[in-house]
Amino acid sequence: MALITEASLRAMIKDGIPNPFPLQEEDKITPSAVDFLKGRGIPLKRVNNKEVMEQTNALVAPDLTIPVGVSNRHIHLSPEDVERLFGQGYELTPLKNLSQPGQFAAKEQLTLVGPKGIIHGVRVLGPARGASQVEISKTDGFQLGIHPPVRLSGSIEGTPGITLIGPKGFATLAKGVIIAKSHVHMSPEEAETFQVQDGDSLILQAMGDRPVIFPDVIVRVHPNFVLDFHIDLDEANAAALKTGDTVKVLGKNGVLLSWSRR
Ligand SMILES: [Zn+2]
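Keep in mind it's a predicted model, so treat the numbers as computed, not measured.

Scoring rules and cut-offs
- The residue count restarts for each chain, going from 1 along the sequence in the order it is written.
- In keeping with the predicted nature of the model, local features appear solely for residues at pLDDT of at least 70, side-chain atom pairs appear and are counted solely at 80 or more, and the whole-chain, interface and lining totals rest on all residues.
- Put simply, DSSP H or I for four residues or longer makes a helix, DSSP E for two residues or longer makes a strand, and each gets a number counted from the N terminus.
- By the convention adopted here, residues make contact when the C-beta atoms placed from their backbones lie within 7 Å.
- Each residue is classed by its C-beta neighbour count within 10 Å, where at least 20 other C-beta atoms makes it buried, 12 or fewer makes it exposed, and intermediate counts make it partly exposed; the C-beta atoms are placed from backbone geometry.
- As used here, the arc is the angular range of directions from the helix axis to the C-beta atoms.
- A strand pair is defined by DSSP finding two or more bridges across the two strands.

Here we look at the overall build of the chain
Counting secondary structure elements, the chain contains seven helices and 20 strands. Reported as C-alpha extents along the three principal axes, the dimensions of the chain are approximately 60 × 40 × 35 Å. Counted over contacts in the chain with a minimum sequence separation of 6, partners at least 24 positions apart contribute 69%.

Remarks on helix H2 (residues 31-39)
Residues of H2 that are buried include every one of Ala33, Phe36 and Leu37, and no others. All buried residues of H2 lie within an arc of 95° about the axis, which places them on one face of the element. Facing away from the buried side of H2, by more than 90 degrees, are the exposed residues Pro31, Ser32, Asp35, Lys38 and Gly39. Each element contacted by the buried residues of H2 is listed here: strand S1 (3-4), helix H1 (6-12), strand S2 (21-24), strand S3 (28-29) and strand S4 (44-47). Following H2 by one or two positions, Gly41 adopts a phi angle in the positive range, close to 70°.

Some details on the pairing of strand S13 (residues 170-173)
Here S13 shows one buried face, formed by Ala171 and Leu173, and one open face, formed by Phe170 and Thr172. Summarising the sheet, strand S12 (residues 162-165) and S13 pair through four bridges and their orientation is antiparallel. Paired with Thr163 across the bridge in S13 is Thr172. Counting the residues between successive antiparallel strands, the hairpin from S12 to S13 contains four residues.

Considerations on unusual backbone geometry
Cis geometry is found at the peptide bond from Asn19 to Pro20, where omega equals 0°. Position of Pro20 among the secondary structure elements: in the loop between H1 and S2. The omega torsion across Gly126 and Pro127 is 0°, close enough to zero to call that bond cis. Topologically, Pro127 is positioned in the loop between strand S9 (118-126) and strand S10 (133-135). Of note in this structure, Ala240 is not a glycine but carries a positive phi near 50°. Inspection of the secondary structure assignment puts Ala240 in the loop between helix H7 (233-238) and strand S19 (246-252). You will see that Asn253, though not glycine, has its phi angle at about 45°, which is positive. As for its placement among the helices and strands, Asn253 is situated in the loop between S19 and strand S20 (255-256). Classification of Asn253 by C-beta neighbours within 10 Å gives partly exposed; the count is 17.

Focus: helix H4 (residues 79-86)
Along H4, the residues that are buried comprise Asp81, Val82, Arg84, Leu85 and Phe86. The arc that holds the buried residues of H4, viewed along the axis, is 165°, so those residues lie on one side. If you follow the buried residues of H4, they end up packed against strand S8 (104-113), S12 and S13. A positive phi of about 110° marks Gly87, the residue just after H4.

Section: the environment of Gly166
With respect to the element layout, Gly166 can be found in the loop between S12 and S13. Here the alpha-carbon distance between Gly166 and Ile17, two residues 149 residues apart in the chain, equals 39 Å.

Dropping the structure here:
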């Protein structure tokens, strides 16, 4: 059973309130929470527990695991910012391929400058893309004096900016600093195996000395994607995970698989 209050809904705003809002049989919702949803045009949807359990248990195999990919702080650059920082006509130099096809760690590194401090040697990832984006950990944020929200890649509206210093110039971003929200990449075939769709959320558990549970890991499905659970360095350290470890699937969309299937 869950008690849904206006405060708990407000806490969900930054990651998005589900629309319609699912309400299970024993869930309690306060009148102000009902008004809050109404005010935002979000209808309530009664779901019966059996349905939810059946849907969740449709995760086919009981022993599904997902490999972990840990991302340290890094920078994605627009083509314009590449030229601003490295000179006219400059193109990024691939150093190492990343797990997702076509993506690479570039030879190039930059310095991040925030109001409280700087971080040298921050890796640029390629290829260049639409808008520049800087992904840091919460710990990095304290060093820089920048406190960005947790967001999925590409969702940079309303995020803080930062200054980047390169060998040939600097770029001041008005926005684009995020703490990356953990997510899983998978192909459509893998999505079928896991019985999930793009935008679903998985409950995952680390399997080592620190069996941390990640209750809301967003699934990203694309034909070019390879199965990988992406977390930042703070999350990896908290859960004693490193790249190449695996995590266990405990459930999806907020509902645990029944114990017998874990
Ligand atoms: Zn990723």
